[in-house]
Amino acid sequence: LGGGFASVSAAQEFARANDGSLEVTVVSASRGFVLYPALVPYVFGAVDAHEIRFDLASRLTASGIRFIEAEAISIDQKRRMAAITGTDVEGLLHFDYLLVALGRRAAAATVGGFHEFAHHLLDLESADKFRSALDSFTAGSIVVALAPGGTLPIPVCETALGLADKFAAAIKKGTVSVSAVFPRGIDDALHGGHAEAGRLAAR
């Protein structure tokens, strides 16, 4: 259940290891797929949009995976059934093994002014706006922050390091500054990721 990175990766692994005894099915509310871990490289021009966005149904079908465009509304573990509903399908889906990977829920509303004033990487369209803003940015202070309670510090680090590379000459001249902000400190945010913390500190 779910059409994100975890679900699709798992389904493809199951399909690769399939000896004919498995029927692998992915249920997703949308057939559009965006590889969210690649949004930071995309912003800095390392990958193209067609590399990180594709039609989920055709990609999975080509790998021998059944795709159903629908939402899961309930799970009956004892009967091994998931109730699903979509535009063209509604009913109960039997499973022998169930992986629930419905994705993250962004709590952007808890940060005042987030949508009005900040750039973010929660979707491809917003990444495009961020990319365009960087192309026209010539001087000033850039702050990249992990929101209180946030659990994805690596994109913050990747973005800060990408900005440091992009504006290296301007940073050296003192016309641009890049700061990375973490609510409880970088070591705590990275849970012991000393290599990444060291790279940021060195910048």
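Please refer to the structure higher up on the page.
This is a predicted model, so every value here is computed, not measured. (Residues numbered from 1 in each chain as written. Predicted model: local features only at pLDDT ≥ 70, side-chain atom pairs only at ≥ 80, totals over all residues. Heavy atoms only, no water.)

**Regarding the nonpolar core**
Right, on to step 1. Counting 21 residues, the largest nonpolar core has Leu39, Tyr42, Ile52, Leu134, Ile142, Leu163 and Phe167 as the members making the most contacts within it.
Right, on to step 2. Those elements giving two or more residues to this core turn out to be α2 (39-43), α6 (124-136), β8 (140-145) and α7 (153-166).
Right, on to step 3. No other element matches α6, which puts four residues into this core.
Right, on to step 4. When near neighbours in sequence (up to four residues on either side) are disregarded, Phe167 contacts Leu134, Phe137, Ile142 and Val176.
Right, on to step 5. Formed by 12 residues, the second largest nonpolar core is a distinct cluster that contains Val24, Val26, Leu60 and Ile65. (Core = buried A, V, L, I, M, F, W, Y, C linked by side-chain atoms within 4.5 Å. Buried < 20%, exposed > 50% of the residue type's maximum accessible area, 1.4 Å probe, protein only. Helix = DSSP H or I, 4+ residues; strand = E, 2+ residues; numbered from the N terminus. Contact = heavy atoms within 4.5 Å.)

**Regarding helix α1 (residues 5-16)**
Right, on to step 1. End to end, α1 covers 16 Å across 12 residues, agreeing with the expected 16 Å (1.5 Å per residue, within 8%).
Right, on to step 2. Those residues of α1 lying buried are Ser7, Val8, Ala10, Ala11 and Ala15. Summarising the axial view, the buried residues of α1 lie within an arc of 165°, below the 170-degree limit, and thus occupy one face.
Right, on to step 3. Where the residues of α1 are buried, they touch β1 (25-28), β2 (32-34) and α4 (56-62). (Expected span 1.5 Å × (residues − 1). Arc of directions from axis to C-beta.)

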